[in-house]
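Okay, here's what each chain looks like letter by letter:
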Amino acid sequence: MEGKEEDVNVGANKYSERQPLGTSAQTDKDYKEPPPAPLFEPGELTSWSFYRAGIAEFIATFLFLYVTVLTVMGVSRAPNKCASVGIQGIAWAFGGMIFALVYCTAGISGGHINPAVTFGLFLARKLSLTRAVFYMVMQCLGAICGAGVIKGFEGSSRFELSGGGANVVNHGYTKGSGLGAEIVGTFVLVYTVFSATDAKRSARDSHVPILAPLPIGFAVFLVHLATIPITGTGINPARSLGAAIIYNKDHAWDDHWVFWVGPFIGAALAAMYHQIVIRAIPFKSRS
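Calculation notes
Residues numbered from 1 in each chain as written. Predicted model: local features only at pLDDT ≥ 70, side-chain atom pairs only at ≥ 80, totals over all residues. Heavy atoms only, no water. Axes fitted to C-alpha atoms, helices over the stretch in contact; angles between N-to-C directions. Helix = DSSP H or I, 4+ residues; strand = E, 2+ residues; numbered from the N terminus. Left-handed = near helix turned anticlockwise from the far one by under 90°. Contact = heavy atoms within 4.5 Å. Nonpolar A, V, L, I, M, F, W, Y, C, P; charged D, E, K, R; others polar. Phe/Tyr/Trp six-rings, centres within 6.5 Å; stacked < 30°, edge-to-face > 60°. Buried < 20%, exposed > 50% of the residue type's maximum accessible area, 1.4 Å probe, protein only. UniProt positions renumbered as here; feature names shortened; annotations may be inferred.

Colleague: How should the packing of helix α4 (residues 115-123) against helix α13 (residues 258-278) be read in this particular structure?
Modeller: When two helices pack together, you describe them by how their axes are tilted relative to each other and by the distance separating the axes. As a packed pair, α4 and α13 sit with axes 8 Å apart at the nearest point and diverge in direction by 35 degrees. The two elements α4 and α13 meet at a crossing, and its hand is right-handed. Contact residues: P115, A116, F119, G120 and L123 in α4; P263, F264, A267, A268 and A271 in α13. Residue composition of the contact of α4 with α13, grouped by class: nine nonpolar, one polar and no charged.

Put into structure tokens, the structure is as follows:
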């Protein structure tokens with residue numbers, strides 16, 4: 001039987017000093033630089049924890065789409081803003097679900113629930129390419145299934161009238177504006193993920209990893225408040241893809257590239273900033 005330690009590592013690579021996303025801090029307070037994950041780790045493909053983590057990412061993204069897109073559709077169907085939870089409610093739905101789902105899945109898969117987060121952690125060598133690709137596929141499949149279940153519940157006519165929760169660049173904004181909003185919004189999210197789960201901080205402050213889901217969820221909430229009027233807020237390519245595939249109207253696909261290119265650029269910038277700037281700060285462990 002495989003040990004629990006393998007399951008809770010970020011990316012579930014077999015390094016005891018690697019810090020899990022959102023789980024308890026390492027027991028020794030002296031900081032140890034975790035080794036970079038290998039590009040390809042063949043042993044993962046025969047490990048149950050690898051597939052268990054993928055299933056967790058699928059279910060988490062499924063639930064994420066189900067709750068959040070239903071919230072978006074409820075607001076879009078309301079006769080006026082006062083009759084619904086409004087933009088603030090949508091932002092809370094996204095941020096709250098990320099908080100809950102990261103908390104639930106952190107010890108299994110690392111709680112990514114977003115291809116952009118997975119991509120950023122891969123660039124920082126926190127997980128292998130094999131695991132990164134597997135996570136992204138499972139996240140996208142979970143998002144498609146989540147949006148599909150909503151369409152089944154709502155019916156085709158109501159689903160289409162509500163826009164299917166698909167992300168588009170809103171009227172009055174250019175594609176460049178939408179791309180910029182997605183880049184900055186994803187940078188905020190992925191930078192928060194890196195900061196909240198940094199092993200250096202874990203070594204100093206044992207409470208940091210336990211609280212990691214809270215700032216991550218709050219970052220998602222704040223980014224949605226800022227960018228819902230521009231793009232409906234993607235910052236998660238799986239979320240955008242799932243809604244677009246099930247809605248499947250031309251205008252949902254016209255700007256779809258924005259919701260992949262923007263988040264991936266934002267995640268890459270956040271990974272670069274964290275590795276070059278933040279990780280370069282000298283660290284002194286507590287005596």
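On we go from here.
Colleague: I tried to follow the packing of aromatic side chains on my own but got confused; where do I start?
Modeller: Taken as a whole and assessed by the stated rule, the structure comprises 12 aromatic pairs. Aromatic side chains F218 and F221 sit 5.7 Å apart centroid to centroid with 35 degrees between the ring planes, which places their arrangement in the tilted category. Placement of both F218 and F221 in helix α10 (residues 213-231) is noted, with a separation of three residues, approximately one turn of the helix. Residue classification places F218 among the partly exposed residues on the basis of a relative accessible area of 41%.

Colleague: Would you explain the UniProt feature "transmembrane region" (unreviewed entry) in the protein in this entry?
Modeller: According to UniProt, the feature "transmembrane region" (unreviewed entry) maps to residues 58-78, 90-113, 133-153, 210-230 and 257-278 in the numbering used here. Secondary structure over residues 58-78 splits into 95% helix and 0% strand, and the C-alpha atoms at its two ends are 30 Å apart. Taken end to end, residues 133-153 has its terminal C-alpha atoms 31 Å apart, with 100% of it in helix and 0% in strand.

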